[in-house]
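Observations on the model geometry
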Amino acid sequence: MLELLQQGFGAVFSLNIMLLMAVGVAMGIVFGAVPGLSATMAVALCLPLTFTMGPQAGLSLLVALFIGATSGGLISAILLKIPGTPSSIATVFDGGPLMEQGHGVKALGVGIVFSFLGTIFSIVALMFIAPQLAKVALRFGPHEYFAIAVFSLTLIATLSAGSMLKGLFAGGLGIAVSTVGIAPVEAIRRFTFDFSELNGGFSMLAVMIGMFAVAEIIKLAETGRHAVQGKARSVSMKNIKGFGFSLKEFREQLPNAGRSGLIGLGIGILPGIGAGTSNLVSYIIAKKRAKDGHTYGKGNIGGVVASETANNAGIGGAMLPLMTLGIPGDTVTAIMLGGFLIHGIQPGPLLFISQGPLVYTIFAALIVATFMMLFMEFYGLRLFIKLLDVPKHILLPIILVLCVVGAFGLSSRLFDVWSILLFGLLGYGFVKAGLPAAPFIIGFILGPMAETNLRRGLMLSDGNFADFFTTPIAGSFLGLALAFIIWQVVSSLRTKKSMVSEILRT
Amino acid sequence: MNTTANKKELIIGLAMTGCSLAYLVMAYQLPNHQGVDAATLPLLLAGFLTLLGVLQVFGALASKPALGTERASDTQGELPASPAEAPPASVVEPKTVLLTLGLILGYIALLGPVGFPLMTVVYLYLQFLVLTPVQHKANHLVYLLIAVVCSAVIFLLFRQAFDLMLPAGLLNNFI
């Protein structure tokens, strides 16, 4: 493993890739920091840039964007009191008051350092867990893959939405859209309306650019002309030693950080839910466990630590199912899956055997990007604060043009550009109807996987459904999925619910 | 629950049911219906989606007191209220949305025949104007300048550096 990691670092430490990653981290931080732009959008928009790069350079860039954007949300959370991304909602609770009390630099320093620690922790966990999990996953057949796909879908559809019914519907609709195109096994054309462009189905990236970027632009057009854009206050960096907080404060926060890191990692691994949930959960738990819990929400650095450690620990967590099973852990990794496929790499357990050096290049890129994030975000803060002031009515149209370019670049046809408009409208409809977009995307990706493996499994076992339940691993996953739905229904019928499950569902 | 929220949920339910039924009809028209085949999953899925849509409609019709708001107030005790959670009442402008949609539609439709460089300048300039905040004055010269520079930079960057031949349209003979 060390040898492979060494090779990975060797690949990353070329001038070309280092420059790309520096740009990626900086762009990611901007996308994370500006409210309304997200990590998903950053990765989706930059994906077309990687088409002509090699897989190592391209994937390093995407990884850098992911890390920068996940962490960048804390800048606007603390300076504007508006979370830049859903993953830093809990940072506002204590970061905002700290800023008002004149401890802005301390809040930023704590946030950035613990973002860094959370990311590193999750990457180390990823590096140790992933190869073991891949070994187990190598023995998986169609029965197991079908069960895991169903389990993942159940989890995301029930957890991510405000209402379980709408979450399930969104997931189901995603699968329905994925059935467009030539069917697996007997290659019948389904729902193509005689458009030859639809034979391959809708492009995964066109769907995501539409749902996440175009829909966001239409949504902002609604209120944009009357929205008051907050002016970011600057902080004085004079007389600041290190990262603006003392070693004692750092030591005091370590247990909190460790716990939040584990929560972030765990929630990140679960398919479909990630940093957007884990920062709230770990904030609530940190508040309950802290001796000075009553000061949370009034400017306690513990709140910033809990939120930022947890959301960044989700990075390694989300990468884990993607790299070992080919199942994305959240929407950003869903786009990364597209990135892998475009470079001809199929994520899954075989990745560790056939593409060992590339896997460790990605690990190395994750680590290098994390260090870049630490220094760029703290010492380049003033630059990012300036960018927060770029007016939305200039920024959004330019992003739309980039969406169009990205969609066109997928296979040089205007059909994909029309698709992003279609899914942009659908995404806007989702926002209006209170339907969550994440289950839709995961359904769209896992639908074909579930169907293909169901058909294959049935062929293997001569049309016998029982094998899906009698195979130990497949059976347990299907059982878990069923148990989970029952648990959700029962707990939603009870009036009083536990705080954690409440937050998970909101 | 107040009636407008109920009505909204009802409309959502009807839309969900409508979509599911349309999908069900299309799934029925697929060839072959013997054993497990290419029509099986769409049919099962369509049935499941229709069920969910109907449940949503019934849920909206049964006008129980709003569970959602009660639950939300439960959580508030744990999470401190922040100004971000209570934004000032924002004005929703359907007109701006429609104009934006129209612009995007026109942009994509003319992208092929007129070409990326020209259409991008036109689109960006008009979209800047449409989205200009009410309290701002539109600065035509700056908008035009940003539009031209963005269009040129994106077009040339992708053409030269990333080998992506964006449609040049009318400018085909000049570039």
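Residues numbered from 1 in each chain as written. Chains lettered and ligands numbered in written order. Predicted model: local features only at pLDDT ≥ 70, side-chain atom pairs only at ≥ 80, totals over all residues. Heavy atoms only, no water.

**Points about the overall build of chain B**
Along its length, chain B carries 6 helices and 0 strands. Order of helices (α) and strands (β) in chain B, N terminus to C terminus: α-α-α-α-α-α. A burial count over chain B gives 38% of its 175 residues as buried. Pairs at least 24 apart in sequence give 53% of the contacts found in chain B among residues at least 6 apart. A total accessible area of about 9900 Å² is found for chain B, and carbon and sulfur atoms account for 71% of it. (Helix = DSSP H or I, 4+ residues; strand = E, 2+ residues; numbered from the N terminus. Buried < 20%, exposed > 50% of the residue type's maximum accessible area, 1.4 Å probe, protein only. Contact = heavy atoms within 4.5 Å. Areas by Shrake-Rupley, 256 points an atom, 1.4 Å probe, with all protein chains shown as cover.)

**Considering the overall build of chain A**
Secondary structure assignment for chain A yields 22 helices and 2 strands. In summary, chain A has a C-alpha radius of gyration of 22 Å against a globular reference of 23 Å for 506 residues, a match within 12%. With respect to the three principal axes, the spread of C-alpha positions in chain A is 75 × 50 × 45 Å. For chain A, with 506 residues in total, the buried portion stands at 65%. Pairs at least 24 residues apart make up 79% of the contacts formed inside chain A by residues separated by at least 6 positions. Of the accessible surface of chain A, which amounts to about 18000 Å², a share of 67% is contributed by carbon and sulfur atoms. (Rg over C-alpha atoms; globule rule 2.2 N^0.38 Å.)

**Comments concerning the confidence of the model for chain B**
Residues and elements named next belong to chain B. In the predicted model, chain B carries a mean pLDDT of 81, and the fraction of residues at 70 or more is 81%. Ranking the elements of chain B by mean pLDDT puts helix H3 (residues 67–76) last with 42 and helix H5 (residues 116–131) first with 93. When the criterion is pLDDT under 50, residues 65–77 qualifies, and its contacts beyond four places in sequence or with other chains add up to 11 contacts. With a pTM of 0.85, the predicted complex shows an ipTM of 0.84. (pLDDT = per-residue confidence, 0-100.)

**Topic: helix H2 (residues 15–33) of chain A**
For an α-helix the count is 3.6 residues per turn, leaving residues at separations of three or four pointing the same way. Residues and elements named next belong to chain A. In this model H2 runs 27 Å from its N-terminal to its C-terminal C-alpha over 19 residues, within 8% of the 27 Å that 1.5 Å per residue would give. Of all the residues in H2, the buried ones are Ile17, Leu20, Met21, Gly24, Val25, Gly28, Ile29, Val30, Phe31, Gly32 and Ala33. In the core, the buried residues of H2 are packed alongside helix H1 (2–12), helix H3 (39–46), helix H4 (55–79), helix H15 (356–379), helix H16 (381–388) and helix H17 (392–411). (Expected span 1.5 Å × (residues − 1).)

**Concerning the state of the cysteines**
Within this structure, the stated rule accounts for 0 disulfides over all chains. Counting only cysteine sulfurs, Cys403 of chain A is the nearest neighbor of Cys46 of chain A, a cysteine outside any disulfide, at a range of 11 Å. Free cysteine: Cys150 of chain B, not disulfide-bonded; nearest cysteine sulfur from Cys403 of chain A at 14 Å. Residue classification places Cys150 of chain B among the buried residues on the basis of a relative accessible area of 15%. (Disulfide = S-S within 2.5 Å.)

**Describing the environment of Ser196 of chain A**
One can find Ser196 of chain A in the loop between strand E2 (189–190) and helix H9 (204–223). The spatial distance from the C-alpha of Ser196 of chain A to the C-alpha of Pro184 of chain A is 17 Å, given a sequence separation of 12 residues.

**Focus: helix H11 (residues 275–289) of chain A**
Residue and element names in this part refer to chain A. Taking 1.5 Å of rise per residue, the 15 residues of H11 would be expected to cover 21 Å, and the 21 Å separating its terminal C-alpha atoms lies within 8% of that figure. Of all 15 residues in H11, 11 are buried, a share of seventy percent or more. Residues of H11 that are buried include every one of Ala275, Thr277, Ser278, Asn279, Leu280, Val281, Ser282, Tyr283, Ile284, Ala286 and Lys287, and no others.

**A short note on the pattern of salt bridges**
Residue and element names in this part refer to chain A. All told, the structure shown has 8 salt bridges over all chains when counted by the stated rule. When the shortest N-O distance is used, the salt bridge between Glu100 and Lys81 registers 3.1 Å. Placement of the pair is Glu100 in helix H5 (residues 89–100) and Lys81 in the loop between H4 and H5, with a sequence separation of 19 residues. The class of Lys81 is buried, set by a relative accessible area of 14%. (Salt bridge = Lys/Arg side-chain N within 4 Å of Asp/Glu carboxyl O.)

**Comments concerning the packing of H5 of chain A against helix H12 (residues 301–325) of chain A**
Residues and elements named next belong to chain A. Running from N to C, H5 and H12 point in directions that differ by 150°, and their axes come no closer than 8 Å. Every pair of crossing elements has a handedness; the one defined by H5 and H12 is left-handed. Mapping the contact onto sequence places Ala90, Thr91, Asp94, Gly95 and Leu98 in H5 and Ile301, Gly303, Val304, Ser307 and Glu308 in H12. Of the residues that constitute the contact of H5 with H12, the class distribution is 4 nonpolar, 4 polar and 2 charged. (Axes fitted to C-alpha atoms, helices over the stretch in contact; angles between N-to-C directions. Left-handed = near helix turned anticlockwise from the far one by under 90°. Nonpolar A, V, L, I, M, F, W, Y, C, P; charged D, E, K, R; others polar.)

**Some points on the side chain of Asn256 of chain A**
Secondary-structure assignment places Asn256 of chain A in helix H10 (residues 247–269). Contacts of Asn256 of chain A, omitting those with residues within four sequence positions, involve Ala286, Tyr296, Gly302, Val305 and Ala306 of chain A.

**Remarks on a nonpolar patch on the surface**
Nonpolar side chains collect at one region of the surface, where Met1, Val124, Phe128, Ile129 and Leu133 of chain A lie side by side and expose about 430 Å² of accessible area between them. For Leu133 of chain A, the position within the fold is in helix H6 (residues 104–137). (Patch = residues over 30% accessible without salt bridge, like charges linked within 9 Å, V, L, I, M, F, W, Y side chains within 5 Å.)

**Description of the interface of chain A and chain B**
Every contact between the two is made by 68 residues of chain A and, on the other side, 72 residues of chain B. For the pair chain A and chain B, the summed buried area comes to about 6400 Å², and 78% of that belongs to carbon and sulfur atoms. Our count for the contact surface shared by chain A and chain B stands at 1 salt bridge. Of the charged contacts, one joins Glu9 of chain B and Lys166 of chain A as a salt bridge, the two residues approaching to 3.1 Å between their closest N and O atoms. The interface formed by chain A and chain B holds 5 residue pairs in polar contact (both at pLDDT 80 or more) in total. Ranked by the residues each element gives to the side of chain A that touches chain B, the list is headed by H17 of chain A, at 11 residues. Here the side of chain A that touches chain B is composed, by residue class, of 43 nonpolar, 10 polar and 15 charged. (Buried area = accessible area lost by both parts, 1.4 Å probe. Polar contact = N/O pair within 3.5 Å; in protein donor to acceptor, adjacent residues only side chain to side chain.)

**Concerning the environment of Pro255 of chain A**
One can find Pro255 of chain A in helix H10. For Pro255 of chain A, a relative accessible area of 55% gives the class exposed.

**Looking at the packing of aromatic side chains**
Residue and element names in this part refer to chain A. Applying the stated criterion across every chain, the model contains 21 aromatic pairs over all chains. When the centroid spacing of 6.4 Å and the interplanar angle of 50° are considered together, the rings of Phe195 and Phe415 count as tilted. Residue Phe195 is found in the loop between E2 and H9, and its partner Phe415 is found in helix H18 (residues 414–433); the two are separated by 220 residues along the sequence. Measuring from centroid to centroid gives 5.1 Å for Phe378 and Tyr379, while their planes differ by 85°, and the two rings are edge-to-face. Residue class for Phe378 comes out buried when judged on its relative accessible area of 2%. Given the relative accessible area of 53%, Tyr379 is considered exposed. The structure contains a cluster of three or more aromatic residues connected by ring pairs, namely Phe202, Phe423, Phe430 and Phe440. (Phe/Tyr/Trp six-rings, centres within 6.5 Å; stacked < 30°, edge-to-face > 60°.)

**Notes on the confidence of the model for chain A**
Taken as a whole, chain A shows an average pLDDT of 86; of its residues, 93% reach a score of 70 or greater. The secondary structure element of chain A with the lowest average pLDDT is helix H22 (residues 499–505) of chain A, at 53, and the one with the highest is H18 of chain A, at 93.

**Remarks on unusual backbone geometry**
It is generally the case that most residues other than glycine have a negative phi and that most peptide bonds are trans. Residues and elements named next belong to chain A. Positioned with a positive phi, Phe191 is a non-glycine residue whose angle comes to about 50°. Counting through the fold element by element, Phe191 comes out in the loop between E2 and H9. A relative accessible area of 9% places Phe191 in the buried class. For Phe193, which is not a glycine, the phi torsion comes out positive at approximately 50°. The topology assignment puts Phe193 in the loop between E2 and H9.

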